[in-house]
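# Per-entry structural report
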Amino acid sequence: MPVLNYPLKIFVVTIVYFATGWWGNQLLHLGIGPSPIWFPAGIGLSAVLLWGERQVLGIFLGDFFLGLTLSDNWGIIIASALGSGLSGGLGGRLLRQGHFSRRLNRIRDVLILVFGAGFLAATVNASIDSLAHFYMGGLQWQQFRQHWGILWLGDVAGICVLTPLLLRSIHNSLPLWKSTKSHLLEAIICNGLLLGIGWLVFGCEGIKPNLSGDNLSNVQYLEYLPFPFLVWAALRFPVWGAVIANLFISLLALVGMSKGVGPFMVQSPNLGDGLLLLQIFLIIITTTSLFLSAAVAEKEEIDKRLRSTLERLNSNLEREVAERTLELTEKMTELQNLHEMKTVFLQAVSHDMRTAIMGLLMILRNNSGRCQEGVTLAKPLLDKIIQSTERQLTLINAISENHFSEHRPLSIYRQKVYLQDMVKNWLDEWADNLIKNQANANNLIADDLPPIEVDSRAIKCVFEQLLNNALKHNQPGLSLSVDAQVKGDMLYCTFTDNGQGMSDVQCQHLFKLYVKSLHNQHLTGVGLGCYRCRQIIEAHGGNIGVSSIPDVGSQFWFTLPLAKFISYAKDLPVSI
């Protein structure tokens, strides 16, 4: 509905109120008397709800101008207009305070509309208008109660029939156009049967039943024939089905009464009693259909919320089950891998220790079998025993100190040193081994490199491990080179050889803690050397890696922080 300003809204309410009241009076020829269904009451209440309480002025003006066309008694005209305006304002106030919803999809909304704005607020207009007719219009006391009742029930019927229709029409468009074809066809059949039965009951003059000499519409109790179709419309098409069906039955009943036909004219000898019966009937069917439709709409809303809640719970439950299943699968895979690793690890440890101990035992037995009291060991043999014993000691210390943990970095003792000087000293110490393996090592580190602050003993272990691996896993005649350069706040060191190289898979697992027989079925033992190199470099805040090409060579690299970037707060007194 387009936005209208206040004066224009007042004008619209006045015109519509006046036109609807004038049409009703012309249809029933009631004059200044009360109408069985006062549609202007429903229009006035709707205007107050939609446009505010100031529309009471429009109700007053509409009723006032209508009274001018029906009577010349100014007291009755003003009293009737005042009563209509007050009833509309009071009804709107009660609905707002009761948190009334225009959708009428709750039972409490129908209760507030019928009993608050209908039965309660309508008493104001009925009382003021009846008293004005009694004191100024010549209404007899014997007729006062009947006049008051018809006026009161007429306002209630008008509110129950027209207000829900107007509120639903403005609140949203007719939902039947958005329904399926079968649902729309059902609505057409339901309303068509309702109109047909209603016309037969309330308005047909040409059909003569054999049971009675009167018209079919004048047979008693036929007014209940449309009731099943009202229930059908209310249950299958809430809330629209109820308000449209109520409008159809009300209009047919008014048209029948204007013609002097209908079951209520037969049941009562006079017009007043017939009007009361018609009003009671209309109020009963309209309130019943509204309550039924509100109950169905409320149930559908509850079902919708329940389905939404269940869908949300099911979705959350499925997601949680999937997450837990994935976690359990990962844990089971991890446990399986750990179990396999434990089995092979024990075999590898026992193999390493048994091999060294058996070799040492063999040497000792050979020497113990000699006749001489003094046994002299050759220096190469003695070095071999010491080297094997140190390896086993290193392995045992690593196991006892739990250095296999990926989440327990080593701590180191730092001191400012120059890498070029340390590498020169280390190469001098390894000169004999290099000559023995016919290898050539070149120190390419520049003399002007800035100092680093590292644990020299730990870095020596890294250097010796890389040098030992290069000599051990390559043929004699190997060429080695050591180089370093500054990159940002780190010293980037490289250790290059021209050996047999490695595959990508070997490079990916080289610095991880592993059991050799898990990666190579022809080797046994525990791989600790490169893993400990990674621990040492990471403890200094650097990284280590390797790039290799099979049959071409390998290049190991690692980074160490320069002295000025060292943070001593991170050091802990834990030995390597």
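To be clear, the structure that these remarks concern was listed above.
Below, the structure is looked at part by part. (Residues numbered from 1 in each chain as written. Predicted model: local features only at pLDDT ≥ 70, side-chain atom pairs only at ≥ 80, totals over all residues. Heavy atoms only, no water.)

### Some words on the pairing of strand 9 (residues 553-561)
Taking burial as the measure, the nine residues of strand 9 include seven buried ones, the bulk of the element. Here strand 5 (residues 490-497) runs beside strand 9; their pairing, made up of eight bridges, is antiparallel. Counted as the bridge partner of Asp497 is Ser554 from strand 9. With six bridges joining them, strand 8 (residues 544-549) and strand 9 adopt antiparallel strand pairing. Directly across from Ser547, in strand 9, lies its bridge partner Gln555. The antiparallel pairing of strand 8 with strand 9 creates a hairpin that spans three residues between the two strands, and Asp551 there sits at a positive phi of about 65 degrees. (Buried < 20%, exposed > 50% of the residue type's maximum accessible area, 1.4 Å probe, protein only. Helix = DSSP H or I, 4+ residues; strand = E, 2+ residues; numbered from the N terminus. Pairing = 2+ DSSP bridges.)

### Regarding the side chain of Thr559
Tracing the chain through its elements places Thr559 in strand 9. The exposure class of Thr559 is buried, given its relative accessible area of 11%. Residue contacts for Thr559: discarding those within four places in its chain leaves Met490, Leu491, Tyr492, Ile537, Gly542 and Asn543. (Contact = heavy atoms within 4.5 Å.)

### Observations regarding a nonpolar patch on the surface
Taken together, the side chains of Phe65, Leu68, Trp74 and Ile78 present a nonpolar region at the surface, about 400 Å² in accessible area. Elements supplying a minimum of two residues to the nonpolar patch: helix 3 (56-70) and helix 4 (74-97). Its location among the elements puts Phe65 in helix 3. According to the relative accessible area criterion, Phe65 is partly exposed, its value standing at 41%. (Patch = residues over 30% accessible without salt bridge, like charges linked within 9 Å, V, L, I, M, F, W, Y side chains within 5 Å. Areas by Shrake-Rupley, 256 points an atom, 1.4 Å probe, with all protein chains shown as cover. Salt bridge = Lys/Arg side-chain N within 4 Å of Asp/Glu carboxyl O.)

### Details of helix 6 (residues 122-136)
Its 15 residues place the ends of helix 6 21 Å apart at the C-alpha level, agreeing with the 21 Å of an ideal helix rising 1.5 Å per residue. Looking one or two residues past helix 6, Gly138 carries a phi angle of roughly 80 degrees, positive in sign. (Expected span 1.5 Å × (residues − 1).)

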